[in-house]
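# Report on the structure
Here are the chains, one letter per residue:
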Amino acid sequence: MSQPSLGSLHLDTSPARIRAGEQGIQYVARDLPLAAHAARMSDRLRYWASTTPDALFLAERARSDSGDGDWVRLTYGDAWERAQCIAQFLLGQGLSEQRPVAILSGNSLRHALLSLACLVVGIPVAPISPAYSLVDRSFSKLRHVMASITPGLIFVEDAAPFAAAIEAAVDVSIPVVTGAGAGGLSDRVVLPFASLLAQQPTAAVAEACARTGPDTIAKFLFTSGSTKLPRAVINTNRMWTANMVQIAQCWPFVAEEELVLVDWLPWHHTFGGNQNFGLVLYFGGTLYIDGGRPTPHGMALTLRNIADIAPTVYLSVPTGFEQLAIALQDDPALRRRMFSRLKTFFYAGASLSQSTWDSLAECSRQELGSAIPMLTGFGMTEAAPMAIFVTRLDLKAGEIGLPMPGMEIKLVPQGEKTEVRYRGPNITPGYWRAPGDMASHFDEEGFLCTGDAVQWVDTAQRSLGLRFDGRTAEDFKLTSGTFVSVGALRAKVIAAGAPYVQDVVITGADRAELGAMVFPTTQVGQLAGAPAGAPLEQILQAPAVVAFFRQLLGNLIGGATGSSNRISRLCVLAEPPSLALDECTDKGSVNQRAVLLHRNALVHALYDGSAPHMVLAQDDRQY
């Protein structure tokens with residue numbers, strides 16, 4: 001089998017420096033200093049506007065019910081001019097760190113322009129998950145977010161879907177800017193976005209820009225709120241610009257060659273909003289805003305956009321790549337277009353199954369004769385986002401690489417696990433209006449405590465880097481006292497169940513035996529021979545599906561080495577993870593803790609034998 005080919009790409013291969021501390025602690029840094037980076041992200045917009053004003057910066061399809069409108073394009077020159085007009089308006093609103101701009105709707109050209117204007121004059125922007133307004137009808141998280149940042153201005157692309165949330169959670173004194181009418185909002189100031197563009201910038205804009213610097217807050221990004229209420233992570237200019245250069249030092253091609261992205265990842269997440277949007281802005285690339293999503297319905301638009309544009313780099317989360325791999329297998333024309341100028345894939349956000357990885361590689365071999373590289377890294381909202389990056393090609397799923405240039409990581413033994421901690425210029429100075437969180441999330445040496453566990457790929461060859469080893473807090477013990485490494489076990493089940501297992505939640509805390517609650521992929525419909533649109537409840541009763549999961553459990557039991565990894569029972573879930581209940585994020589990653597909390601009755605049913613779609617060890621009944 002041929003190895004991935006870099007073609008014109010080259011990656012940094014600087015070795016790691018490792019020093020030993022007390023009590024088994026290790027400190028790891030890449031033997032490559034951080035290169036110079038811009039003081040402010042707005043400097044990069046001004047640079048490209050002055051040197052390549054006619055270059056395409058952003059594009060989105062004209063809005064229609066079908067999402068099939070023509071591309072509306074925005075050049076760097078136009079973006080700079082419009083951002084200054086909007087900045088003039090913002091200066092007249094009395095906005096500041098204490099009264100930032102909150103954006104409740106998703107990715108759009110207006111969203112981008114308002115965010116850029118905030119960067120220009122040093123007003124933080126806080127993009128908020130639309131799910132807090134559109135899915136959670138209690139609006140509890142939205143109320144919490146509003147209280148946390150006390151915004152002075154709200155933006156929504158279309159007021160109508162957000163009207164109930166705004167009326168419930170946003171003080172009536174706060175003006176709302178909309179792209180499409182008042183839409184049900186009453187008794188408050190509602191301004192059309194066009195009125196912001198009608199402003200004429202004065203010297204005050206340039207003066208405000210000059211007062212900004214590396215430590216100016218660029219945005220507040222909220223943590224997912226999967227285990228507690230969302231926290232506002234401070235993101236400074238320094239964090240963002242440093243991280244963009246760190247990525248480019250690992251991947252020199254992003255600064256040296258054409259960068260064209262087709263991207264759906266939401267800007268209220270650090271992956272889409274900091275990394276992907278930031279790389280395009282920092283290095284003068286082009287971002288086509290993808291209105292699709294990695295769902296059976298939304299993927300159709302994503303595939304159309306890919307076929308239309310042909311990206312040079314494609315970044316997504318595992319659920320997106322799983323859908324893409326299926327489409328590429330079945331559509332030679334799409335495959336030809338996808339690989340016409342693609343340099344690399346990149347995934348993050350959750351573990352990518354080896355079967356999906358191999359499928360994408362095989363599709364590219366069919367088209368090109370060699371595999372397109374699959375790269376990845378590891379980080380978090382507090383790292384802007386990347387902290388660890390791979391710079392080698394002979395990877396397997398789960399490997400995450402070595403620390404970014406200019407960063408130091410600290411490997412701290414935590415019982416059976418090793419926690420990774422971060423320190424560097426791209427790490428947040430803290431959480432907004434939450435000084436107590438500093439003490440609980442940063443250790444005595446100033447390292448950010450992540451709660452993420454890692455291990456060396458090979459302790460004899462540490463140049464191979466690290467692999468993800470789950471979360472330190474998700475592991476548990478059986479009643480026998482046996483320790484269970486949940487991250488490794490989840491990866492094992494997903495790999496064994498490919499391509500029909502999307503994710504799995506491990507049960508068994510304070511019980512005698514392990515169990516598994518399985519979220520299936522859409523491909524189980526093909527296994528069942530079911531027609532398109534068949535309900536999952538029906539699909540899971542198909543004999544072929546029942547037989548597959550019975551065989552899966554048998555294989556897992558046969559490969560077990562002891563009670564710490566022997567799953568004695570599993571059930572297949574007909575109800576997908578709930579975004580409203582934090583069982584998953586907008587990106588599709590599953591939260592083990594939240595699933596166990598909200599499906600506690602199902603966990604009990606799994607152990608008393610009454611769970612639907614269930615298989616027990618040595619049990620031949622139809623589940």
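Anyway, here's the lowdown on the structure attached to this text. These numbers were taken from a predicted model, which means no experiment stands behind them. (Residues numbered from 1 in each chain as written. Predicted model: local features only at pLDDT ≥ 70, side-chain atom pairs only at ≥ 80, totals over all residues. Heavy atoms only, no water.)

### Concerning empty space enclosed by the protein
Under the criterion given, the structure shown has 3 cavities of 30 Å³ or more. What the largest cavity holds in volume is close to 170 Å³. Taken together, 16 residues make up the lining of the largest cavity; nearest its centre are Ser 129, Tyr 132, Ser 224, His 269 and Asp 586. A per-class count over the lining of the largest cavity returns 7 nonpolar, 7 polar and 2 charged. One number sums up the size of the second largest cavity: a volume of about 120 Å³. Around the second largest cavity, the lining is made up of 13 residues, and of these Ser 115, Lys 219, Trp 240, Gly 273 and Phe 277 lie nearest the centre. (1 Å grid on protein atoms, 1.4 Å probe; cavity = no way out; pocket = protein on both sides within 12 Å on 5 of 7 lines; lining within 4 Å. Points joined across faces, edges and corners; volume = space filled by probe spheres on them. Nonpolar A, V, L, I, M, F, W, Y, C, P; charged D, E, K, R; others polar.)

### Notes on the pattern of salt bridges
Side chains bearing opposite charge may pair, as long as their charged atoms lie close to each other. For the structure shown, the criterion picks out 30 salt bridges. Asp 308 serves as the salt-bridge partner of Arg 61, at 3.1 Å between the closest nitrogen and oxygen. Here the residue Arg 61 occupies a position in strand β3 (residues 56–61), and Asp 308 occupies one in helix α12 (residues 299–309), the gap between them amounting to 247 residues. Where salt bridges share partners, they join Lys 410, Glu 419, Arg 421, Asp 443, Glu 444 and Glu 445 into one cluster. (Salt bridge = Lys/Arg side-chain N within 4 Å of Asp/Glu carboxyl O. Helix = DSSP H or I, 4+ residues; strand = E, 2+ residues; numbered from the N terminus.)

### Quick look at helix α8 (residues 203–211)
Looking only at α8, the buried set comprises Val 205, Ala 208 and Cys 209. Viewed end-on, α8 has its buried residues packed into an arc of 100°, placing them on one side of the element. For α8, the exposed residues lying more than 90 degrees away from the buried face are Ala 203, Ala 206, Ala 210 and Arg 211. Those residues of α8 hidden inside the fold are in contact with α1 (41–51), α2 (76–91) and α3 (109–121). (Buried < 20%, exposed > 50% of the residue type's maximum accessible area, 1.4 Å probe, protein only. Arc of directions from axis to C-beta. Contact = heavy atoms within 4.5 Å.)

### Section: the packing of aromatic side chains
Under the criterion given, the structure shown has 22 aromatic pairs. Judged by centre distance (6.3 Å) and plane angle (50°), the rings of Trp 48 and Tyr 76 are tilted. In this pair, Trp 48 sits in helix α1 while Tyr 76 sits in helix α2, placing the two residues 28 residues apart along the sequence. You'll find Trp 48 and Tyr 76 in the same group, each marked buried. A ring pair is formed by Tyr 500 and Phe 548, whose centres lie 4.9 Å apart and whose planes are at 80°; its orientation type is edge-to-face. Placement of the pair is Tyr 500 in the loop between α17 (486–496) and β25 (501–507) and Phe 548 in helix α20 (residues 543–558), with a sequence separation of 48 residues. Taking relative accessible area as the criterion, Phe 548 reaches 19% and is therefore assigned buried. (Phe/Tyr/Trp six-rings, centres within 6.5 Å; stacked < 30°, edge-to-face > 60°.)

### Concerning the sheet that holds strand β2 (residues 26–30)
Strand order in the open sheet formed by 11 strands is β1-β2-β19-β20-β21-β22-β18-β17-β16-β15-β14, and the pairing between neighbours is mixed. At either end of the open sheet lies a strand with only one pairing partner, and these are β1 (16–20) and β14 (313–316). Neighbour to neighbour, the strand axes of the sheet diverge by 40° on average, direction disregarded. Here 4 bridges tie β2 to strand β19 (residues 408–414), and the two strands are oriented antiparallel to one another. In the sheet register, Ala 29 faces β19, and the bridge partner there is Glu 408. (Pairing = 2+ DSSP bridges. Axes fitted to C-alpha atoms, helices over the stretch in contact; angles between N-to-C directions.)

### Some thoughts on the packing of helix α13 (residues 318–330) against helix α15 (residues 354–368)
The interhelical angle for the contact between α13 and α15, taken along N-to-C directions, is 35°, at an axis separation of 9 Å. In terms of crossing hand, the pair formed by α13 and α15 is left-handed. Contacts between α13 and α15 pair Phe 321, Glu 322, Leu 324, Ala 325, Leu 328 and Gln 329 from the former with Thr 356, Ser 359, Leu 360 and Cys 363 from the latter. Here the contact of α13 with α15 is composed, by residue class, of 6 nonpolar, 3 polar and 1 charged. (Left-handed = near helix turned anticlockwise from the far one by under 90°.)

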